[in-house]
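Read off the chains here:
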Amino acid sequence: MVKRNFRIRSHKRAPVNVPVMIIRGGAASEAVMRELSRGGALIESDERLDPAEPVVLGFRLKAIPEVIEVPVEVVYTRSPVEDGRIKKRFGYGVKFGEMSEEMAARIDSYVKTERLFGDLAAALTEARARRERE
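What you see is a predicted model; the values in this text were computed from it and never measured.

**Student:** What should I look at first to understand the side chain of serine 37 in this one?
**Tutor:** Along the chain, serine 37 turns up in the loop between strand S2 (27–36) and strand S3 (40–45). A polar side-chain atom of serine 37 sits 3.1 Å from the main-chain amide nitrogen of glycine 39.

**Student:** Looking at this structure, how should I read the pairing of S2?
**Tutor:** On any regular strand, side chains alternate: one points to one face of the sheet, the next to the other face. Where strand S1 (residues 14–24) meets S2, nine bridges bridge the pair, whose relative direction is antiparallel. Bridge assignment links methionine 21 to a residue of S2, and that residue is glutamate 30. Linking S1 to S2, which pair antiparallel, is a turn of two residues; within it glycine 25 sits at a positive phi near 55°. For S2 and S3, the ladder comprises four bridges, and the chain directions are antiparallel. Along S3, the bridge assignment pairs leucine 36 with alanine 41.

**Student:** Sorry if this is basic, but what is going on with the packing of aromatic side chains here?
**Tutor:** The geometry of an aromatic ring pair is captured by the separation of the ring centres together with the interplanar angle, meaning the angle of the planes. Using the criterion set out here, one finds two aromatic pairs in the structure. Between phenylalanine 90 and tyrosine 92, the aromatic rings sit 6.1 Å apart at their centres with planes inclined by 20°, giving stacked as the arrangement.

Reading guide: rules and limits
Residues numbered from 1 in each chain as written. Predicted model: local features only at pLDDT ≥ 70, side-chain atom pairs only at ≥ 80, totals over all residues. Heavy atoms only, no water. Helix = DSSP H or I, 4+ residues; strand = E, 2+ residues; numbered from the N terminus. Polar contact = N/O pair within 3.5 Å; in protein donor to acceptor, adjacent residues only side chain to side chain. Pairing = 2+ DSSP bridges. Phe/Tyr/Trp six-rings, centres within 6.5 Å; stacked < 30°, edge-to-face > 60°.

Shape descriptors only; they carry no functional weight alone.
What follows is the structure in structure tokens.
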């Protein structure tokens, strides 16, 4: 019998494809967020991040008008793999630092919508906005 270790996650996650800025030491680089939860995110980047280095993540979500800037802690790293055809990017699991309870609740709402509707959520939001303009 194979024993498996399962981690119970504190927060629900949603798959996303959101451009982000990684801000560190006065410099910024582009990356992509692949998963999001109230507690953190999965980031793919061409840049190598040092887990001990202070990092701020900046991003925008379609349902939240403000730019979100939050300090993050790198909790795990996945190195890129080359197979001769595709060079994958670094993957980072990041834990969000301090943010307002209001922003955390808005991220929770966004994650819930994305988990339930995914791409359909954007289409429904656009249709609702179009009806309101008419």
